[in-house]
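Chain and residue survey
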Amino acid sequence: CTPSPSFWTFPGTGTSYPLLCPPGIKCGGVLSAPSGNFSSPNFPGPYPYETECTWLIVVAEGSSVLLSFSHFELEYHAACAYDYLQVYNGASRDRGNLLGTFCGRSPPPPFSSAWHVMAVVFRSDRHVAKRGFAAAYQKDACGGTLTGLSGEITSPRYPESYPNDIECRWRIGGTGGGGPLTLVFADFQVEGGQGCSFDYVSLFDGPTAASPHLGRYCGSSHPPRTISSTPYLLVLFKSDFNIGGRGFKAHFYSAGECQEVFTTIKGNFSSPRYPNFYPNNLKCQWSIQLPPGYQIKVFFLDMELEGRSSLTGSCDYDHLAAFDSDAENGSLLGRWCGRENPAPITSRSNQLLLVLHTDRNTAKRGFSIAYVGVVPMNVSCTRTDFHIQIPVQSLAQLERSRIYLGTPSCAAQVVGRNFKIHTRFDTCGTESQKRNNTSVIVSTLYIDFSVGDQEDIHQYEVQCEPKRKEASVTLMAGPDPSRLSQAENLVDAQQREGGATDNREIKNQDTSDIVFISICILAGLLMVIAVVGLVLL
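Residues numbered from 1 in each chain as written. Predicted model: local features only at pLDDT ≥ 70, side-chain atom pairs only at ≥ 80, totals over all residues. Heavy atoms only, no water.

Under the annotation held in an unreviewed UniProt entry, the protein chain carries the name CDCP2 protein and is attributed to Rostratula benghalensis.

So, in structure tokens, the structure goes:
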């Protein structure tokens, strides 16, 4: 670049990126050859003070870039706050594209880009200059280090036939999350043979070929889904001197931050690195799977994703989607982006899947979510009584005294395989209210999941319309922020009740059945007396 600002415009987008360098110093620029070398200013001599250089590596679209360092020596700081080098998986200096920040004498590992653009930024401060660095890049070279939470690897030239006599090593991991990795092959066609001795893909449970061997694969059958026991996975691909194939395409993701399955009655999770910016190029899945009969209620505590497309008005870029199933072919419950504040959602089944997609740029803070399982129960009523029944297996860990209506004195009884509560409207804290000009009887069912000093009481509103003998139940309060805040519960309650009219004071119990029966008996007695009187006359 030159001392005056110059710009590179990304093809097809119109977006320009500044390429700056200090006066009198030549550094940075656009590197568009299939391969090349670059280094810090004055290398191998000390680099100048107060320098910032940006190299933008741009190869043919559909290709990838392999970046490696032959020498590296910068001023050291524990957080690389002084002199540093940053590598970005893309053209933008978007924090979601950052692959790593480096300083000191330990060189960065080889990096393989997820697409055809890679950026390298070097910065020095006004003190302590070292020798700097020397780097090389190559288009479509196979192998490298992949540090994202999720990503894709393909054999060279895929889906065209791969070259002969090659050996590629992809070292996956090192994101800092520390969780195991999952590798899934979407396509696979490699020369077969007895014992896979010609062309093959080998997987290792660690960063090197000395790590435990997980399997060797060839032919046209997809290798099985592979889960590492460490935060690293090595993929080795080797071809011999003749007979090739289409090769392979595989996806990887890191469990813990980007792929989780929840089976507990309640829980919390968030986007990777929340509340800091999430990475780009992600597809993360969170699956909630509860026992049969349960439903799942999801509360959105915070959300900030890339906004809607200005052309379509839709969530075409980064977005979060919810499915009423354990797979993406289930019913779509919602799709969100931007700074939306979605209302709570409830599944119709005992499984729910949340999927986060992020694209190549414009990362945001992400989201935080809490969920709670809605306990399966059968609630019915007459004109005078509530009947509540909950399968014991749904709350097998709880004593009956921790399930009660209104007050602890109205605890459930164990009858067969069910917890049962049968109570009259004039007990257990019930009250009469007017809702939408209809008289209803309302009470609160408490289910106490508290452990030790950690209070965790779930509340359900049970409601009866005596004239129709129709009952309903609604989850009122679930988890705490670890459970939800009081404000969240209040908002949810307002949304649930919608146009409900003001509550009135407690009235006398509804005794319509008793009054009706009493009138009938009295009328019968009067008729008998009248008949007897006529006979005597």
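Having put the structure on the table, let's press on.
1. Focus on the overall build of the protein chain
Per the secondary structure count, the protein chain includes two helices and 38 strands. Long-range contacts, defined as pairs at least 24 residues apart, comprise 73% of the intrachain contacts of the protein chain with a sequence gap of at least 6. When the accessible surface of the protein chain is split by element, carbon and sulfur atoms take 51% of a total near 26100 Å². (Helix = DSSP H or I, 4+ residues; strand = E, 2+ residues; numbered from the N terminus. Contact = heavy atoms within 4.5 Å. Areas by Shrake-Rupley, 256 points an atom, 1.4 Å probe, with all protein chains shown as cover.)

2. Considering the nonpolar core
Phe269, Leu320, Val375, Ile390, Leu395, Leu445 and Ile447 are the most contacted members of the largest nonpolar core, which has 56 residues in total. For this core, the two domains that each supply at least three residues are domain 3 (259-374) and domain 4 (378-481). Contact partners of leucine 395, with chain neighbours within four places excluded, come to Tyr294, Val375, Ile390, Ile403, Phe419, Ile447 and Phe449. Among the nonpolar cores identified, the runner-up in size contains 27 residues, and Val65, Leu74, Cys80 and Cys103 belong to it. (Core = buried A, V, L, I, M, F, W, Y, C linked by side-chain atoms within 4.5 Å. Buried < 20%, exposed > 50% of the residue type's maximum accessible area, 1.4 Å probe, protein only. Domains from an automatic or database assignment.)

3. Describing the sheet that holds strand S10 (residues 117-123)
In spatial order, the strands read S3-S5-S10-S7-S8; together these five strands make up an open sheet with mixed pairing. On the outer flanks of this sheet lie strand S3 (29-31) and strand S8 (98-102), each paired with one strand and no other. With direction set aside, neighbouring strand axes in the sheet form an average angle of 15 degrees. Relative to S10, strand S7 (residues 84-88) runs antiparallel, the two sharing five bridges. The residue of S10 that forms the bridge with glutamine 86 is valine 121. (Pairing = 2+ DSSP bridges. Axes fitted to C-alpha atoms, helices over the stretch in contact; angles between N-to-C directions.)

4. A look at the state of the cysteines
Scanning all chains against the criterion turns up six disulfides. One disulfide in the model links cysteine 196 with cysteine 218; its S-S distance is 2.1 Å. Here cysteine 196 and cysteine 218 share a disulfide; its torsion about the S-S bond, -80 degrees, makes the bridge left-handed. Of this pair, cysteine 196 sits in the loop between strand S15 (181-189) and strand S16 (200-204) while cysteine 218 sits in the loop between strand S17 (213-217) and strand S18 (226-227), and the two are 22 residues apart along the sequence. (Disulfide = S-S within 2.5 Å.)

5. Side note on the sheet that holds strand S30 (residues 378-381)
Read across the open sheet, the four strands follow the order S30-S31-S34-S33; overall the sheet is antiparallel. For this open sheet the edge positions go to S30 and strand S33 (413-415), each flanked by a neighbour on one side alone. With strand direction ignored, the average angle separating the axes of adjacent strands in the sheet is 25 degrees. Relative to strand S34 (residues 418-424), strand S31 (residues 385-391) runs antiparallel, the two sharing seven bridges. By the bridge assignment, phenylalanine 386 is partnered in S34 with threonine 423.

6. Overview of the packing of aromatic side chains
Scanning the entire structure with this criterion turns up 22 aromatic pairs. With centroids separated by 5.1 Å and ring planes inclined at 70 degrees, the aromatic side chains of phenylalanine 386 and phenylalanine 425 adopt a geometry described as edge-to-face. Of the two residues, phenylalanine 386 is situated in strand S31 and phenylalanine 425 in the loop between S34 and strand S35 (431-435); the sequence distance between them amounts to 39 residues. Both residues of the pair, phenylalanine 386 and phenylalanine 425, count as buried. Ring pairing ties together the aromatic residues Phe38, Tyr47, Trp55, Phe69, Phe72, Phe122 and Phe133, which thus form one cluster. For arginine 216, the ring lying beneath its charged end belongs to tyrosine 200, and the centroid distance is 3.8 Å. (Phe/Tyr/Trp six-rings, centres within 6.5 Å; stacked < 30°, edge-to-face > 60°. Lys NZ or Arg CZ within 6 Å of the ring centre and 35° of its normal.)

7. Quick look at the pattern of salt bridges
Across all of its chains, the model carries 16 salt bridges by this definition. Several salt bridges converge on common partners, so that one network encompasses Asp302, Glu304, Arg339 and Arg365. (Salt bridge = Lys/Arg side-chain N within 4 Å of Asp/Glu carboxyl O.)

8. Remarks on the side chain of threonine 423
Here threonine 423 shows up in strand S34. Side chain to side chain, threonine 423 and threonine 427 meet in a polar contact 2.6 Å long. Ignoring anything within four residues of it in the chain, the contact list for threonine 423 reads Thr384, Asp385, Phe386, Leu405 and Cys428. (Polar contact = N/O pair within 3.5 Å; in protein donor to acceptor, adjacent residues only side chain to side chain.)

9. What to know about unusual backbone geometry
Here the bond from tyrosine 158 into proline 159 is cis, since omega is 5 degrees, no more than 30 degrees from zero. Its place among the elements puts proline 159 in the loop between strand S13 (150-154) and strand S14 (167-173). Proline 275 follows tyrosine 274 through a cis peptide bond whose omega is 5 degrees. Inspection of the secondary structure assignment puts proline 275 in the loop between strand S22 (266-270) and strand S23 (282-289).

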